[in-house]
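# Descriptive structure summary
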Number of protein chains: 2
Amino acid sequence: MELLITYDVETTTPAGRRRLRHVAQACETYGVRVQKSVFEIVMSEAQLLLLRHRLLDIIHPRFDSIRVYRLPAGSFANAAHLGHSPPAGHDTPLIF
Amino acid sequence: MELLITYDVETTTPAGRRRLRHVAQACETYGVRVQKSVFEIVMSEAQLLLLRHRLLDIIHPRFDSIRVYRLPAGSFANAAHLGHSPPAGHDTPLIF
């Protein structure tokens, strides 16, 4: 399944900056970073449970926020993009 | 239709910070901010064309990035969320 994971991690403290790195590393294990705190991830339900568990271990529940959107197949390829584009890990059209 | 708009705007310059404010203001016209640079927006195709035009006028094509994901109806309500949650403008379940 295709998932979009977006996050806000508080970075005013060294601990927050460490959490930010660890959240990114966890997401990089499974997917493509398309913006600073946005990942496109193709994974199974079982992998999602593992990632969810890992992320819950990393974040601070009061300061950090992670959102997980389930997208229909093909959503990454149909995403529209304005401005500069990261190295596309998927075959995403550049402009809609 | 339901859209997720995510963006990275370069903020190392006053001009970049101004663009960031203007992108947020443009998105706030139509939707709910769920994270610093993530908006959930319900809008028509015609409104999307207007917003796209407005965003293209605001951003710097080399430094800024905006992604627009089309989501099936109900995606906002089914989004999973870990950590602290903004005031939910939609009836989003908190934990999956």
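Counting of residues starts from 1 at the beginning of each chain's written sequence and follows it residue by residue. Lettering of chains starts at A and numbering of ligands starts at 1, both following the order in which they are written. Totals for whole chains, interfaces and linings use every residue, but because this is a predicted model, local features are given only for residues with pLDDT of at least 70 and side-chain atom pairs only at 80 or more, for both listing and counting. With hydrogens and water stripped out, all remaining heavy atoms of the structure feed into the side-chain values.

### A word on helix α1 (residues 14-28) of chain B
All names here are of chain B. An ideal rise of 1.5 Å per residue puts 21 Å on 15 residues; α1 measures up with 21 Å between its terminal C-alpha atoms. Those residues of α1 lying buried are Gly-16, Arg-19, Val-23, Ala-24, Ala-26 and Cys-27. Buried positions in α1, seen along its axis, are confined to an arc of 160° and lie on one side of it. For the purposes of this entry, the term helix denotes a DSSP run of H or I that reaches at least four residues, the term strand denotes a run of E that reaches at least two, and both are numbered from the N terminus. Take the number of residues in a helix, subtract one, and multiply by 1.5 Å to get its expected span. Burial classes: relative accessible area under 20% of the type maximum marks a residue as buried, over 50% as exposed, and values in between as partly exposed (1.4 Å probe, protein chains only). Read the arc as the range of directions from the helix axis to the C-beta atoms.

### Notes on the environment of Ala80(A)
Position of Ala80(A) relative to the elements: it lies in strand β5 (residues 80-83). Separated by 24 residues in sequence, Ala80(A) and Leu56(A) have C-alpha atoms that sit 30 Å apart.

### Some details on the relation of the copies chain A and chain B
Superposing chain A onto chain B takes a rotation of 180° plus a shift of 0.0 Å along the axis, which leaves an RMSD of 0.0 Å. In short, the pair behaves as if placed about a two-fold rotation axis. Relative to the rotation axis, the C-alpha of Leu71(A) is the closest in chain A, positioned 3.2 Å from it. In this assembly the copies share their binding face: 100% of the residues contributing to the interface of chain A also contribute to that of chain B. For the least-squares superposition of copies, only C-alpha atoms count, and only for residues with pLDDT at least 70 in both. Contact criterion: two residues are considered in contact whenever any of their non-hydrogen atoms come within 4.5 Å of each other.

### Thoughts on the pattern of salt bridges
Residue and element names in this part refer to chain A. Salt bridge, as applied in this entry: a Lys or Arg side-chain nitrogen positioned within 4 Å of an Asp or Glu carboxyl oxygen. In this structure the tally under the stated criterion is 10 salt bridges over all chains. Between Arg-19 and Asp-64 there is a salt bridge; the shortest N-O distance is 2.5 Å. Taken as a pair, Arg-19 in helix α1 (residues 14-28) and Asp-64 in the loop between α2 (45-58) and β4 (65-71) lie far apart in primary sequence, 45 residues in all. Take Arg-19: its relative accessible area is 12%, and that puts it in the buried class. Accessibility expressed as a relative area gives 0% for Asp-64, which makes it buried. Ionic contacts of the salt-bridge type, sharing partners, join the residues Glu-10, Arg-19 and Asp-64 into one network.

### Some words on the interface of chain A and chain B
Counting residues at the interface gives 38 residues for chain A, matched by 38 residues for chain B. Together chain A and chain B conceal approximately 3300 Å² of surface at their shared face, both sides included; 57% is due to carbon and sulfur atoms. The tally of links between chain A and chain B comes to two salt bridges. Throughout this description, a polar contact denotes any pair of N or O atoms lying within 3.5 Å of each other; where both atoms belong to protein, one of them has to be capable of donating a hydrogen while the other can accept it, and for residues adjacent in sequence the pair is counted only when both atoms sit in side chains. On inspection of chain A and its partner chain B, the count reaches 22 residue pairs in polar contact (both at pLDDT 80 or more). Looking at which element gives the most residues to the side of chain A that touches chain B, the answer is β4(A), with seven residues. Amino acid classes used here: Ala, Val, Leu, Ile, Met, Phe, Trp, Tyr, Cys and Pro are nonpolar; Asp, Glu, Lys and Arg are charged; the rest, including Gly, are polar. Among the residues making up the side of chain A that touches chain B, the classes are represented as 22 nonpolar, eight polar and eight charged. Taken together, the four bridges between β5(A) and strand β4 (residues 65-71) of chain B define a ladder with antiparallel strand orientation. Residue pairing in the sheet places Leu82(A) in a bridge with Ile66(B) of β4(B). Here the quantity called buried area is the total loss of accessible area, with a 1.4 Å probe, experienced by two parts when brought into contact, counted for both. Two strands make a pair as long as DSSP finds a minimum of two bridges between them.

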